[in-house]
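Geometric and topological summary
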Amino acid sequence: MNIVFSSDKKEYNTIKKGTKILLAENDGFNQNIELFVKFQDRPEILINKRKNQIHIICREISHYYRALNYAIHHMEEDEFQYQEHVCFERNGLMLDCSRNAVFTVEKVKFLIRTLAKLGMNVLMLYTEDTYEVEGQPYFGAYRGKYTKDEIKELDAYASMFGVELVPCIQTLAHLHNALKWPGMDKIRDSADILQPEKEETYQFIEKLLSSVKENFSTNRVHLGMDEAVMLGLGNYLKENGYKKGSLIIREHCNRVVDICRKLELKPMIWSDMYITANSTGGYYDLPENTDCSKWEKPKKDLGLVYWDYYHADTRTYEKMLDIHAQLSDNVIFAGGSWIWNGISPNYSKTYACTKAALSTCKKYNIKEVLCTAWMDNGAETPVDALLPGLVLFAHLDFHRDYDETILKQEFRNCTGGEFDDFMEIVRKIRRNCPWDSAQTHESLKKYLLEESNEVLEGIDRLSKENDSTNLCEELGDVLFQVALHSVIAEEEGLFTVEDVIRDVSSKMKFRHPKIFSPEDKQLAGL
């Protein structure tokens, strides 16, 4: 394979190795091709294939890998032209590496390659106390952490694929696992919140940020500062008396931003504390056309990350983005792939909320969007379950409108698998058969039990009579029950058969790491 560049050699050196890695992942790819790549500052991707020559024009390295992945999966076509428009300057994943889920370096590299195939260019590592900080021996104790060398290794790997590795730490709340150790009482306000307005607190924060500065090549940093609901009501209250939360958050934020400027870092924070402290209400409870002119506000260059994983209506996003525009010139949106609500993901929620959110972000010309992958509740859901939501974020970046057919093709290029034919049969029966259309989860319980018992009888017949016909038939009846329950749940907006299949697939891979992740020496994706 030859790669020909019409631009300078630095891009060639950056992507040559990554290209070979992605091509090697496609076992059946053994064609000799010539790649002609040109980078230009335009928000589009152009792919032109003629026989064994592929011409790619794009804006940046991650977009090149998206184009390459598209070409790999259309090599059977002798000639084609394909074009996509880029809607967001930055689009990425925020990976939770703090909730009993400090992913191995190899697992993070897998996600980096996935981001590259999707054309996404940001990966945030959410690390509360799971990264190495000089003088903090308890960081990551009994939980795991990334060493400085591991972060540098990941940073270099991400850069090769055009992905910016961004630290996402905490400099106010969500620090229970750091503050519970001996010697931390001097900077502890309450169980998980740092005490503002103490010099020891800002010395501690500067150590955190110095570690970030040393190990990440980016100058951007996410400072956290979300959900500090007890801010100023613990040791701070005892020592200083009561002070309005809006004043505390503003002054604390200003101090931390000053440290960032000293270290030449560009910070962003979650926005909820500025809104709830000023309004004394819920994050999303403000009325439309809220006037924030008298609020305590952050410095205008501080990035504010508006997070919302809950709403399927565009009006909520419009209201919230209007409020954020009054608070910051740099607004970032964070939605989510719902893998944090128990042992299975919620894709119906993911898709409904993401489509509404990103369509509104396009309308408001938001420059950066993030797909969060929280691992609440002990990381019960396998991390690979985030992929459908992640693919949706990428799809809505490179297409002005949602197209289910194209989305399925893009997802297939990452995961494979077909189930539409079988599910359409079940949906047709559900629509047209009076008995099937009248059934509910509750009414079907006895039939599922009956069919399961008949499977047991089929197993007995196989053992005693060596007759597999009955077992095959009864397993089909159980499969139909699963499909019918899934279609009913889909009608109710609960989940789909895709959710069921992806959940069990992810679960099986998670439970058999020696088979599905043999390269992972720790024998798991965690």
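First, a word on scope: everything that follows refers to the structure included in this document.

Attention now moves to the overall build of the protein chain. Along the protein chain, the regular secondary structure elements total 20 helices and 15 strands. For the protein chain, the C-alpha radius of gyration of 26 Å lies close to 24 Å, the compact-globule estimate for 526 residues. Its C-alpha atoms give the protein chain principal-axis dimensions of about 80 × 60 × 50 Å. Long-range pairs, those at least 24 residues apart, make up 73% of the contacts in the protein chain with a sequence separation of at least 6. Mean positive and mean negative side-chain charge positions of the protein chain (65 and 83 charges, respectively) differ by 5 Å.

With 14 residues, helix α3 (residues 105-118) should cover 20 Å at 1.5 Å per step; its first-to-last C-alpha distance of 20 Å lies within 8% of that length. Across the 14 residues of α3, 12 count as buried, placing the element largely inside the fold. Taken together, the buried positions of α3 are occupied by Val105, Lys107, Val108, Lys109, Leu111, Ile112, Arg113, Thr114, Leu115, Ala116, Lys117 and Leu118. Positive backbone phi, approximately 80 degrees, marks Gly119, located one or two places after α3.

The subject of this paragraph is the side chain of His174. Within the secondary structure, His174 is located in the loop between β8 (164-168) and α5 (176-179). With relative accessibility at 18%, the residue His174 sits in the buried group. Engagement of the side chain of His174 in a polar contact is seen with the side chain of Asp226, the distance being 3.3 Å. Of note is the side chain of His174, whose polar atom sits 2.8 Å from the side chain of Glu227. Those residues within four positions of His174 in sequence are excluded, and the remaining contacts are Arg99, Tyr126, Glu128, Asp192, Asp226 and Glu227.

Take the pairing of strand β12 (residues 266-270) next. Burial within β12 is extensive, with four of its five residues counted as buried. By the bridge criterion, three bridges tie strand β11 (residues 220-222) to β12 in an arrangement that is parallel. Each bridged residue has a counterpart across the sheet, and for His222 the counterpart in β12 is Met268. Two strands pair when backbone bridges link them, and β12 and strand β13 (residues 303-307) are joined in this way by three bridges, in the parallel orientation. Paired with Ile269 across the two strands is Leu304, which belongs to β13.

Moving on, we get to helix α4 (residues 148-160). Note on helix geometry: an α-helix contains 3.6 residues per turn, so any two residues three or four positions apart are oriented the same way. Under the 1.5 Å per step criterion, the end-to-end length of α4 is 19 Å for 13 residues, consistent within 8% with the ideal 18 Å. Turning to α4, its buried residues are Lys148, Ile151, Leu154, Asp155, Tyr157, Ala158 and Met160. Once α4 finishes, Gly162 follows within two positions and takes phi at roughly 75 degrees, a positive value.

Here we come to a nonpolar patch on the surface. A surface patch of nonpolar side chains, about 440 Å² in accessible area, is lined by Leu479, Val482, Leu494, Phe495, Val500 and Ile501. Tracing the backbone shows Val482 in helix α18 (residues 469-491).

With that settled, the discussion passes to the environment of Ala178. As for its placement among the helices and strands, Ala178 is situated in helix α5. Ala178 sits in the buried class, given a relative accessible area of 4%. Each residue touching Ala178, except ones within four places of it in the same chain, is listed here: Asp129, Phe139 and Met184.

Next up on the list: the pattern of salt bridges. Using the criterion set out here, one finds 29 salt bridges in the structure. Residue Lys109 pairs with Glu106 through a salt bridge whose shortest N-O separation is 3.8 Å. Of this pair, Lys109 and Glu106 both sit in helix α3, three residues apart, which is roughly one turn of the helix. Looking at Lys109, the relative accessible area reads 11%, which means it is buried. Here Lys262 makes a salt bridge to Glu206, at a shortest N to O gap of 2.7 Å. Within this pair, whereas Lys262 is found in helix α8 (residues 245-262), its partner Glu206 is found in helix α6 (residues 199-215), the two being separated by 56 residues in sequence. Taking the relative accessible area as the measure of exposure, Lys262 reaches 59% and is therefore exposed. Using a relative accessible area of 23% as the deciding quantity, one classes Glu206 as partly exposed. Counted as one network, the salt bridges with shared partners bring together Glu197, Lys243, Arg250, Glu251 and Glu296.

As a further point, take unusual backbone geometry. Unlike most non-glycine residues, His174 shows phi in positive territory, near 60 degrees. The backbone of Glu227 shows a phi angle near 55 degrees, a positive value even though the residue is not glycine. The residue Glu227 is located in the loop between β11 and α7 (235-240) in this model. A relative accessible area of 38% places Glu227 in the partly exposed class.

Cut-offs applied
- Residues numbered from 1 in each chain as written.
- Predicted model: local features only at pLDDT ≥ 70, side-chain atom pairs only at ≥ 80, totals over all residues.
- Heavy atoms only, no water.
- Helix = DSSP H or I, 4+ residues; strand = E, 2+ residues; numbered from the N terminus.
- Rg over C-alpha atoms; globule rule 2.2 N^0.38 Å.
- Contact = heavy atoms within 4.5 Å.
- Lys, Arg positive; Asp, Glu negative; His and termini not counted.
- Charge placed at Lys NZ, Arg CZ, Asp CG, Glu CD.
- Expected span 1.5 Å × (residues − 1).
- Buried < 20%, exposed > 50% of the residue type's maximum accessible area, 1.4 Å probe, protein only.
- Polar contact = N/O pair within 3.5 Å; in protein donor to acceptor, adjacent residues only side chain to side chain.
- Pairing = 2+ DSSP bridges.
- Patch = residues over 30% accessible without salt bridge, like charges linked within 9 Å, V, L, I, M, F, W, Y side chains within 5 Å.
- Areas by Shrake-Rupley, 256 points an atom, 1.4 Å probe, with all protein chains shown as cover.
- Salt bridge = Lys/Arg side-chain N within 4 Å of Asp/Glu carboxyl O.

Shape descriptors only; they carry no functional weight alone.
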